[in-house]
Amino acid sequence: MISQFLFLLCFEQNVAQPRAIFMIIGLCLSQRDMTGDENLAEFLLTDLHQGNAGEYTCEYYTILSPYTTSQPSDVLLLLVTGGFPKPSLQAYPSRNVTAGKKVPLRCQKPYNVVDYVRFSLLKEGMSEPIRDWRPLGNMAGFSLQNVTVKDTGNYSCVYYQKSSPFWASHPSDSLEIWVTATTLGDNPSVSPSTTSGDYTKGNVIRLGLAALVLIIIGAFLIEAWYSQKESPRGSRSHSFPGKQ
């Protein structure tokens, strides 16, 4: 996390009693008294540091009879970046793609830094990693499948320890992925520019064929006119072959 403070929210929609105690259980134990109809408790972590990294769960218990205790929530893994040198992030073959394509990404950490890690792919504006993957040697491969224009954005990656103390690296330098739309209507293979070009070319071809047909028809009409003009002369000369 880059910010210096963080809110953790613990929420339960079906608390039967109007009064309950919520607890966050992690590297530290904290309690909040929930009152009212919101069934929500907020926990604030300030001055974030590597010691705040870890696995957090939340649960609640009621303080009136009948006393009940909830099951723990799903585990939330909190990573505080900055513990190790940053990795590098690259896109192959290009970071500029058209919609519907695949974008292979490779995140690589420096050699001989730390072992037994996992890699996470981050996107600017999203609070959670969009991919989490085990490494292959010193790097991990990610893939954005069937991308759309909404996948355009700035990406980075981190690597982190798989067990306590869950230290994480600095984020990699930002990599901008640019996805361009190529579809028009429901046809995924025709772009607007291609459609316009094909339409213009088709008009030119049709006009050329129409002109050719007119020329051919004109040639036939001229030939027919000359033939009709010459026919009377030929018939008179043959009707009187012996007259001099």
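What counts as what
- Residues numbered from 1 in each chain as written.
- Predicted model: local features only at pLDDT ≥ 70, side-chain atom pairs only at ≥ 80, totals over all residues.
- Heavy atoms only, no water.
- Helix = DSSP H or I, 4+ residues; strand = E, 2+ residues; numbered from the N terminus.
- Pairing = 2+ DSSP bridges.
- Axes fitted to C-alpha atoms, helices over the stretch in contact; angles between N-to-C directions.
- Disulfide = S-S within 2.5 Å.
- Buried < 20%, exposed > 50% of the residue type's maximum accessible area, 1.4 Å probe, protein only.
- Salt bridge = Lys/Arg side-chain N within 4 Å of Asp/Glu carboxyl O.

Would you explain unusual backbone geometry in this entry?
In most cases, non-glycine residues show a negative phi, while peptide bonds are predominantly trans. Of note, the amide linkage connecting Tyr-92 to Pro-93 takes the cis form, showing an omega dihedral of -5 degrees. By the secondary structure assignment, Pro-93 is in the loop between strand E7 (88-91) and strand E8 (96-98). Here Ser-164 and Pro-165 are connected by a cis peptide whose omega angle stands at 20 degrees. As for its position among the elements, Pro-165 is in the loop between strand E13 (153-161) and strand E14 (175-180). One non-glycine residue, Asp-47, adopts positive backbone phi at about 50 degrees.

For this particular structure, what's the right way to read the sheet that holds strand E10 (residues 117-123)?
The pairing of strands in a sheet happens through backbone hydrogen bonds and is either parallel or antiparallel. The five strands are arranged E8-E14-E13-E10-E11 in an open sheet whose pairing can be described as mixed. A single partner strand is all that each edge strand has here, and the edge strands are E8 and strand E11 (131-133). When the angles between neighbouring strand axes are averaged without regard to direction, this sheet yields 25 degrees. As paired elements, E10 and E11 share three bridges and run antiparallel to each other. Looking at the pairing, Phe-119 lines up with Trp-133 of E11.

Looking at this model, I keep getting lost on the state of the cysteines. Mind explaining?
In a disulfide, the sulfur atoms of two cysteines are covalently bonded to one another. Applying the stated criterion to the full structure yields two disulfides. Disulfide pairing places Cys-10 opposite Cys-58 at an S-S distance of 1.7 Å. A torsion of 65 degrees about the S-S bond marks the disulfide between Cys-10 and Cys-58 as right-handed. Taken as a pair, Cys-10 in strand E1 (residues 5-11) and Cys-58 in strand E5 (residues 54-62) lie far apart in primary sequence, 48 residues in all. Cys-58 sits in the buried class, given a relative accessible area of 12%.

Can you help me understand the pairing of E1 in this one?
Strand residues, when the strand is regular, have side chains that alternate between the two faces of the sheet. Only one face of E1 is covered, namely the one carrying Leu-6, Leu-8 and Cys-10; the face carrying Phe-5, Phe-7, Leu-9 and Phe-11 has none of its residues buried. In the sheet, E1 pairs with strand E4 (residues 40-46) via seven bridges, with the strands oriented antiparallel. Within the sheet, the bridge partner assigned to Leu-6 lies in E4 and is Leu-45.

Explain the sheet that holds E7 to me, please; I cannot follow it from the model alone.
One open sheet holds the three strands; their spatial order is E7-E9-E12, and the pairing between them is antiparallel. Two strands bound the open sheet, and with one partner strand each, they are E7 and strand E12 (139-144). Strand-to-strand, the axes of this sheet are offset by a mean angle of 20 degrees, without reference to chain direction. Judged from the four bridges that link them, E7 and strand E9 (residues 103-108) form a sheet pairing that is antiparallel. From the neighbouring strand, Ser-88 faces E9, where its bridge partner is Gln-108.

I'm lost on the pattern of salt bridges in this one. Help?
Counted under the stated rule, the structure contains two salt bridges. Between Asp-173 and Lys-86 there is a salt bridge; the shortest N-O distance is 2.7 Å. Taken together, the positions of Asp-173 in the loop between E13 and E14 and Lys-86 in the loop between strand E6 (76-78) and E7 put the pair 87 residues apart, joining distant regions of the chain. The residue Asp-132 makes a salt bridge to Arg-118 at a minimum N-O spacing of 2.7 Å. Of the two residues, Asp-132 is situated in strand E11 and Arg-118 in strand E10; the sequence distance between them amounts to 14 residues.

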